[in-house]
Amino acid sequence: MEDETPFEETGYNGNGKNGHNQTEIKYVDEVTIRFAGDSGDGMQLTGTQFAETLATDGTDIGTFTDYPAEIRAPQGTLSGVSGLQIHFSSRDIHTPGDEIDVLVAMNPAAIKVNLKNIKKHGIIIANSDAFDKKNLELAGFETNPLEDDTLQHLHIYSIPITKTTLSVLKDMNLSVKTAQKCKNFFALGVLYWLYNRTPDNTLQWIQEKFNKNAELAEANTRVLKAGYYYGETTEIFTSRFDIKPAALPKGTYRNLNGNDAVALGLVAAAKKAKLQLFLGSYPITPASEILQTLSKYKPYGVKTFQAEDEIAGICTAIGASFAGALAATTTSGPGMSLKTEAIGLAVISELPLVIVNVQRGGPSTGLPTKTEQADLLQALYGRNGECPVPVVAAASPSDCFEMAYEAARIAIKYMTPVILMTDGYIAQGSEPWKVKKLTELQSIEVQFKTNPEGFFPYVRNEFLARPWVKPGTKGLEHRIGGLEKQNITGNISYDPENHHIMTKIRAKKIKNIELDIPELELVGEREGKLIVLSWGSTYGAVISAVENLRAKGNKVSHAHLRYINPLPKNTGSILKKFEQILIPENNFGQLSKLIRSEFLLETISLPKVKGVPFKALEIENKILEILKH
Amino acid sequence: MNDNNNKINASESAITAKDFASDQYVRWCPGCGDFSILAQTQRTLASLGLKREKMVFIAGIGCSSRFPYYMNTYGFHTIHGRATAIASGVKCANPELSVWVATGDGDCLSIGGNHFIHLVRRNIDIKVLLFNNKIYGLTKGQYSPTSDHGQVTKSSPYGTIEYPVNPLSLALGAGGTFIARSIDREAKHMQDMITRTNNHKGTAVLEIFQNCLIFNDGAYLKYTEKETKDDSVLFLNHNQPLVFGENNSKGIKLDGWKPVVVDLNDGKHSINDLLVYDETNRELAFIMSEFDVHPLLPMPFGVFLDTVRNTYDTDMEEQIKESMKKTGEGNVDDLLKGNSSWEI
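Along every chain, residues carry numbers that run from 1 in the direction the sequence is written. To read the labels, note that chains go from A and ligands from 1, taken in the order they are written. Selection of residues for local features in this predicted model requires a pLDDT of at least 70, selection of side-chain atom pairs for listing and counting requires 80 or more, and totals for whole chains, interfaces and linings are taken over all residues.

**Q** So what's going on with the overall build of chain B? Residues and values would help.
**A** Secondary structure elements follow DSSP: runs of H or I of four or more residues count as helices, runs of E of two or more count as strands, with numbering from the N terminus. Along its length, chain B carries 11 helices and 12 strands. Scaling as 2.2 N^0.38, a compact globule of 344 residues should have a C-alpha radius of gyration of about 20 Å, and chain B matches this with 22 Å. With the principal axes as the frame, chain B shows a C-alpha extent of 90 × 50 × 45 Å. The buried share of chain B, reckoned over its 344 residues, is 45%. Two things to know: the radius of gyration comes from C-alpha atoms, and the globule rule equals 2.2 Å times the number of residues to the power 0.38. Counts of 20 or more other C-beta atoms within 10 Å of a residue's own C-beta define buried residues, counts of 12 or fewer define exposed ones, and intermediate counts define partly exposed ones; C-beta atoms are placed from the backbone.

**Q** Report on the overall build of chain A, specifying residues and quantitative values.
**A** The number of helices and strands found in chain A is 20 helices and 23 strands. By the compact-globule yardstick of 25 Å for 629 residues, chain A fits well, its C-alpha radius of gyration being 27 Å. A burial count over chain A gives 54% of its 629 residues as buried.

**Q** For the packing of helix 4 (residues 161–168) of chain A against helix 8 (residues 214–234) of chain A, give the residues involved together with the corresponding values.
**A** Residues and elements named next belong to chain A. Only the stretch in contact is used when fitting a helix axis, every axis being a line fitted to C-alpha atoms; angles between N-to-C directions are given from 0 to 180 degrees. Closest axis-to-axis distance for the helix 4/helix 8 pair is 10 Å, and the angle between their directions is 125 degrees. Considered as vectors, helix 4 and helix 8 are oriented oblique to each other. Crossing hand, helix 4 versus helix 8: right-handed. In contact with Thr 164, Thr 165 and Val 168 of helix 4, helix 8 contributes Arg 222, Val 223, Ala 226 and Tyr 230. Each angle receives one of four descriptions, namely roughly parallel if under 35 degrees, roughly antiparallel if over 145, roughly perpendicular if within 65 to 115, and oblique otherwise. Handedness of each helix crossing follows the sense of rotation of the near helix against the far helix: counterclockwise by less than a right angle gives left-handed, clockwise gives right-handed. A residue pair is marked as a contact if its C-beta atoms, positioned from the backbone, fall within 7 Å.

**Q** Report on the nonpolar core, specifying residues and quantitative values.
**A** All names here are of chain A. Joined through C-beta atoms within 7 Å, a set of buried Ala, Val, Leu, Ile, Met, Phe, Trp, Tyr and Cys residues constitutes a nonpolar core. Formed by 192 residues in total, the largest nonpolar core has its most connected members in Ile 318, Val 354, Ala 404 and Leu 420. Split by domain, this core shows at least three residues from each of two domains, domain 2 (256–440) and domain 3 (522–628). The residues touching Val 354, leaving out its near neighbours within four places in the chain, are Leu 266, Ala 328, Ala 404, Ala 407, Ala 408, Ala 411, Val 418 and Leu 420. Membership of the second largest hydrophobic core comes to 59 residues, among which are Ile 33, Val 104, Ala 179 and Leu 194. The domain boundaries here were taken from an automatic or database domain assignment.

**Q** Give me the lowdown on the sheet that holds strand 2 (residues 30–38) of chain A, citing residues and values where you can.
**A** What links the strands of a sheet is backbone hydrogen bonding, and the strands pair in either a parallel or an antiparallel sense. Residues and elements named next belong to chain A. Two strands form a pair only when DSSP identifies at least two bridges running between them. Taken together, six strands build an open sheet; the order of strands is 3-4-2-5-6-7 and the sheet is mixed. Looking at strand neighbours, the two that pair on one side only are strand 3 (60–66) and strand 7 (155–159), the edges of this open sheet. Taking each pair of neighbouring strands and ignoring which way they run, the sheet shows an average axis angle of 15 degrees. Where strand 5 (residues 100–105) lies against strand 6 (residues 118–127), five bridges are found, and the strand directions are parallel.

**Q** Give a detailed account of the interface of chain A and chain B, specifying residues and quantitative values.
**A** Taken together, the contacts link 58 residues of chain A with 51 residues of chain B. Going through the elements one at a time, helix 1 (43–56), strand 9 (252–257), helix 9 (258–273), strand 10 (277–281), strand 11 (303–306), helix 11 (310–322), helix 12 (333–349) and strand 17 (479–481) of chain A are the ones with two or more residues in the side of chain A that touches chain B. As a working rule, the residues Ala, Val, Leu, Ile, Met, Phe, Trp, Tyr, Cys and Pro are called nonpolar, Asp, Glu, Lys and Arg charged, and the rest polar, with Gly in that last group. For the side of chain A that touches chain B, a count of residues per class yields 28 nonpolar, 16 polar and 14 charged.

**Q** Can you tell me about the confidence of the model for chain B, naming the residues and giving the values?
**A** For every residue, the predictor states its confidence as a pLDDT score lying anywhere from 0 to 100. On average, residues of chain B carry a pLDDT of 95, and 98% of them reach 70 or more. The ipTM for the predicted assembly is 0.97, set against a pTM of 0.93.

**Q** Which residues make up unusual backbone geometry, and what values do they have?
**A** Cis peptide bonds are those with omega within 30 degrees of zero, and the linkage from Thr285(A) to Pro286(A) qualifies with 0 degrees. With respect to the helices, strands and loops of the structure, Pro286(A) is situated in the loop between strand 10 and helix 10 (288–295). For the bond running from Gly362(A) to Pro363(A), omega is 0 degrees, close enough to zero to count as cis. Counting through the fold element by element, Pro363(A) comes out in the loop between strand 13 (353–359) and helix 13 (376–381). Non-glycine residue Asn247(B) carries a positive phi angle of around 55 degrees. The topology assignment puts Asn247(B) in the loop between strand 8 (243–244) and strand 9 (250–255).

**Q** Give a description of helix 10 (residues 312–327) of chain B that names residues and reports values.
**A** Between the first and last residue of a helix there are one fewer steps than residues, each counted as 1.5 Å, and that sum is the expected span. With 16 residues, helix 10 of chain B extends 23 Å from end C-alpha to end C-alpha; this agrees with the ideal 22 Å at 1.5 Å per step. Restricting attention to buried positions, one finds in helix 10 of chain B the residues Tyr312(B), Asp313(B) and Met316(B). All buried residues of helix 10 of chain B lie within an arc of 120 degrees about the axis, which places them on one face of the element. Along helix 10 of chain B, the residues that are exposed and aim more than 90 degrees away from the buried face are Glu318(B), Lys321(B), Lys325(B) and Lys326(B). Residues of helix 10 of chain B that are buried in the fold lie against strand 11 of chain A together with helix 2 (83–93) and helix 4 (113–122) of chain B. Note: the arc covers the axis-to-C-beta directions of the helix.

**Q** Mind laying out the packing of helix 9 of chain A against helix 14 (residues 399–414) of chain A, listing which residues take part and the relevant values?
**A** All names here are of chain A. As a packed pair, helix 9 and helix 14 sit with axes 7 Å apart at the nearest point and diverge in direction by 40 degrees. By the angle class used here, helix 9 and helix 14 are oblique. Remark: the crossing between helix 9 and helix 14 carries right-handed chirality. For the pair helix 9 and helix 14, the contacting residues are Gly 258, Ala 261, Val 262, Leu 264, Gly 265, Leu 266, Ala 268, Ala 269 and Ala 273 in the first and Cys 400, Phe 401, Glu 402, Ala 404, Tyr 405, Ala 408, Arg 409 and Ile 412 in the second. Of the residues contributing to the contact of helix 9 with helix 14, the split by class is 13 nonpolar, two polar and two charged.

**Q** Account for the pairing of strand 5 (residues 178–183) of chain B, with residues named and values stated.
**A** All names here are of chain B. For strand 5, the tally of buried residues reaches six of six residues, placing the bulk of the element in the interior. A two-sided burial pattern is seen for strand 5, the buried positions comprising Phe 178, Ala 180 and Ser 182 on one face and Ile 179, Arg 181 and Ile 183 on the other. Relative to strand 6 (residues 204–209), strand 5 runs parallel, the two being bridged by six bridges. Along strand 6, the bridge assignment pairs Ile 183 with Phe 209. Seen with its strands pointing away from the viewer, a crossover is right-handed if its path from the first strand over the helix to the second goes clockwise. Each parallel crossover has a hand, and the one from strand 5 via helix 6 (residues 187–199) to strand 6 is right-handed. Pairing between strand 5 and strand 11 (residues 299–306): four bridges, direction antiparallel. Considered in strand 11, the bridge of Ala 180 is made with Val 303.

**Q** Can you explain the domain arrangement of chain A? Please cite residues and give values.
**A** Residue and element names in this part refer to chain A. Annotation of chain A at the domain level lists domain 1 (21–238), domain 2 (256–440) and domain 3 (522–628). Measuring from the centre of the C-alpha atoms in domain 1 to the corresponding centre in domain 3 gives 36 Å. Between domain 1 and domain 3, the contact holds four residues from the first and eight residues from the second. Grouping the amino acids of the side of domain 1 that touches domain 3 by side-chain chemistry returns no nonpolar, three polar and one charged.

**Q** I'd like to hear about the sheet that holds strand 10 (residues 258–263) of chain B, residue by residue, with values.
**A** All names here are of chain B. Here three strands make up an open sheet; going across it, the order is 8-9-10 and the pairing antiparallel. This sheet does not close on itself; its edge strands, each paired only once, are strand 8 and strand 10. Two elements, strand 9 and strand 10, share six bridges in a ladder whose sense is antiparallel. Residue pairing across strands places Ile 252 opposite Val 261, the latter belonging to strand 10.

**Q** Kindly report on the environment of Pro145(A), identifying the contributing residues and their values.
**A** All names here are of chain A. Here Pro 145 shows up in the loop between helix 3 (133–139) and strand 7. For Pro 145, a count of 23 C-beta atoms within 10 Å translates into the label buried. Remark: the alpha-carbon pair of Pro 145 and Ile 111, spanning 34 residues in sequence, is separated by 8.8 Å. Apart from residues lying up to four places away in sequence, Pro 145 is in contact with Pro 108, Ile 111, Thr 150 and Leu 151.

**Q** Pulling in residues and values, what's your account of the pairing of strand 7 of chain A?
**A** All names here are of chain A. One ladder, built from five bridges, connects strand 6 with strand 7; its direction is parallel. For Ile 124, the partnering residue across the bridge sits in strand 7 and is Ile 156. For the crossover that starts at strand 6, traverses helix 3 and ends in the parallel strand 7, the hand is right-handed.

Okay, structure coming up:
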């Protein structure tokens with residue numbers, strides 16, 4: 001678009017119909033689209049924009065990001081492919097989709113990497129300009145798949161996206177490099193047209209994002225509109241698609257990813273408890289966004305401390321907790337390893353602290369940008385001494401809000417560190433969240449001790465929690481530390497009996513939390529041949545699989561753990577009613593080990609350690625295999 | 001905090017050193033230099049009229065780090081090397097508190113070296129009492145990062161092949177704003193240095209030479225014994241010429257950038273030739289902090305540097321205040337709703 005005419009006035013009438021193109025609109029129930037290209041191609045941004053537009057229209061969505069660890073991985077290579085997958089539906093959905101309906105491929109490598117996941121008769125929209133000899137070689141294609149019969153089972157739309165983008169911007173005096181960077185918005189424009197959405201949301205975003213750079217705002221606006229009109233005018237597409245809003249419960253919704261949800265959960269908990277929120281953290285993939293997000297919340301009184309290392313991240317948080325703040329530290333696996341000793345200090349000094357582990361592939365540096373659930377046993381047991389810590393796990397991106405809030409509530413009430421487990425999949429994936437108001441949240445009471453009468457640092461209340469005293473309070477000066485305490489007085493004690501008692505008290509305090517958390521919920525029959533037990537981010541794939549199979553008449557039940565230490569107190573009684581327990585995990589059977597040791601029950605482990613989440617189909621197949629026998 | 005907020009009113013009964021002593025039995029070895037540091041600290045804080053409830057002592061691990069248990073203030077005996085990091089969290093969460101770290105050469109400079117550097121760099125308003133006995137005491141006598149090259153210890157039976165770190169040069173290099181040194185045997189000097197440490201706004205590093213009677217006895221004899229002390233010790237005084245030796249018969253002058261000892265009785269030099277110390281001069285502080293590697297130069301004690309720079313804890317609060325001034329205090333319900341919500 002060369003003129004300044006508002007988008008609405010260019011012939012688009014808001015109903016997906018217009019004067020130029022009468023392409024038929026087909027209504028579908030659900031679609032999975034994947035935007036894929038080089039890690040510098042802006043695929044994450046493109047996908048996010050598309051997802052937010054769909055979500056705003058009331059469609060249920062689930063997203064999944066998949067990107068290399070390198071910031072600009074070698075261009076055109078298979079390892080350099082970055083992607084964002086969006087599943088959207090007129091039904092309530094729980095996953096980012098098993099198989100791809102539409103692949104937007106900015107280069108040959110994007111096709112190579114994703115080909116096995118594209119549905120039969122699926123669509124590929126490809127940037128044909130990127131299919132030169134070099135890129136084809138890098139992707140391992142001998143001939144051009146857009147031209148040979150490699151993709152004959154698919155619908156291919158080959159569009160010269162780079163050239164068209166450059167021609168749209170040719171009178172703008174931009175460098176070729178800058179102009180080329182706009183090409184992702186051309187693809188986005190095409191998708192908006194194809195899925196009967198106006199690009200208005202993104203046009204507004206462009207104005208806000210580039211409000212200090214009119215030239216880039218103009219360039220991106222032009223290219224986005226050009227993409228949209230390309231769909232409309234070229235008639236290469238034989239049909240367009242639309243999807244009706246999902247029948248979600250009434251309310252206010254927003255799109256939310258897991259890392260932002262953790263940040264919001266902590267802010268809400270601090271506000272509710274009338275405490276200052278303090279985050280001590282060190283940047284690490286895929287958890288850094290929590291630090292970044294909270295660092296923006298200065299008007300909410302949030303203090304963020306970017307520490308010199310992971311250890312200082314948790315140690316500053318422990319210091320802030322001692323001083324009377326709601327303190328948190330955020331990290332991923334390697335950082336958890338470094339924080340281990342300090343977690344022990346928080347346990348013995350009995351100070352509230354929220355520790356968030358956004359898990360990634362391990363061991364060691366492992367797979368920084370890929371998801372995994374293999375830090376569960378570390379969270380439960382990975383410390384010296386008898387060192388019990390409550391462990392909770394978020395089931396989905398928006399559940400990260402609930403569980404971060406819960407982690408803070410438990411930490412404060414029981415004067416203990418709490419570990420919240422999320423992972424790269426839900427941290428960076430997003431879904432619509434029914435916005436909570438502060439008044440809807442469970443109360444968090446904090447009563448700092450101020451009366452010196454009968455005060456001892458390790459005297460306990462009915463929850464076995466010791467008093468929290470703010471330094472600065474007259475008459476309550478006291479010392480705590482990492483050496484074993486004498487019961488009640490808190491003085492150093494090496495007495496054998498005392499150590500035994502204190503160890504038992506610390507364990508009992510955590511075990512008692514089971515009286516304060518929701519019971520395990522059961523989906524399906526109360527007894528039978530098979531129950532699937534899941535925890536953390538596998539929730540979406542497992543519930544989808546179970547719902548699908550139950551809809552087809554299969555008898556399979558499901559329960560999902562959001563609290564892992566302590567376990568909900570009805571966990572054993574639920575599991576014992578089933579002949580078999582299937583536990584799918586993105587690890588080699590860590591929850592399975594726990595269930596076996598806690599309840600002396602046989603389990604069937606379904607492990608997947610490939611850096612990607614389960615597909616619902618993989619779980620369905622396993623369930624069917626078990627049910628057949 | 002140096003303001004009156006943390007000081008006791010004249011109307012309240014006078015506080016004594018005893019008030020700063022906790023009810024715990026002090027478990028250092030008899031004759032340990034740590035007793036002196038504890039006594040001078042309690043005495044000085046009492047004399048300054050500070051409120052016990054506003055004070056927090058944080059320690060890591062080591063003999064020095066038992067210090068908080070013996071102070072009737074708020075205290076936290078934490079984990080090895082991390083006292084400076086934990087203290088940073090305490091101070092940032094509540095800048096009203098007067099936060100002190102008691103640490104040793106192993107705790108602060110070996111396992112805690114990283115946190116020490118970054119505390120000093122950030123200039124968080126925390127007072128660091130660095131007990132330097134040049135040995136690992138609590139683990140029974142291995143060499144420490146300040147042990148002398150060649151020192152024979154339990155873990156260096158053939159003499160250590162490591163060279164020592166210089167804590168004050170390290171702190172200066174990290175951008176320190178207050179650097180000082182004292183010694184366990186000089187009670188009055190240590191009290192003065194603790195007072196100065198207390199009064200500084202920003203990270204204050206006070207290195208205290210402390211004798212470990214059991215594992216490194218005599219490490220500082222040169223600076224404490226009558227026969228050698230005068231010629232080996234140089235007290236730094238702001239705006240005063242650098243004199244030392246018996247009857248102040250010697251002085252330090254700068255030969256270009258090189259400090260040299262001159263004899264004031266040799267007829268060639270007078271007090272006017274000597275370097276006049278300026279504790280606000282960072283370059284001078286560096287020259288002084290490196291004296292210990294020159295065998296012919298005396299060991300400086302006193303305030304090496306006292307300068308002013310914004311503190312991290314204050315700036316952190318200021319940023320929050322400024323942002324609230326600009327946009328008003330944030331409404332959490334609005335934040336939860338976000339900028340692009342929709343109704344169903």
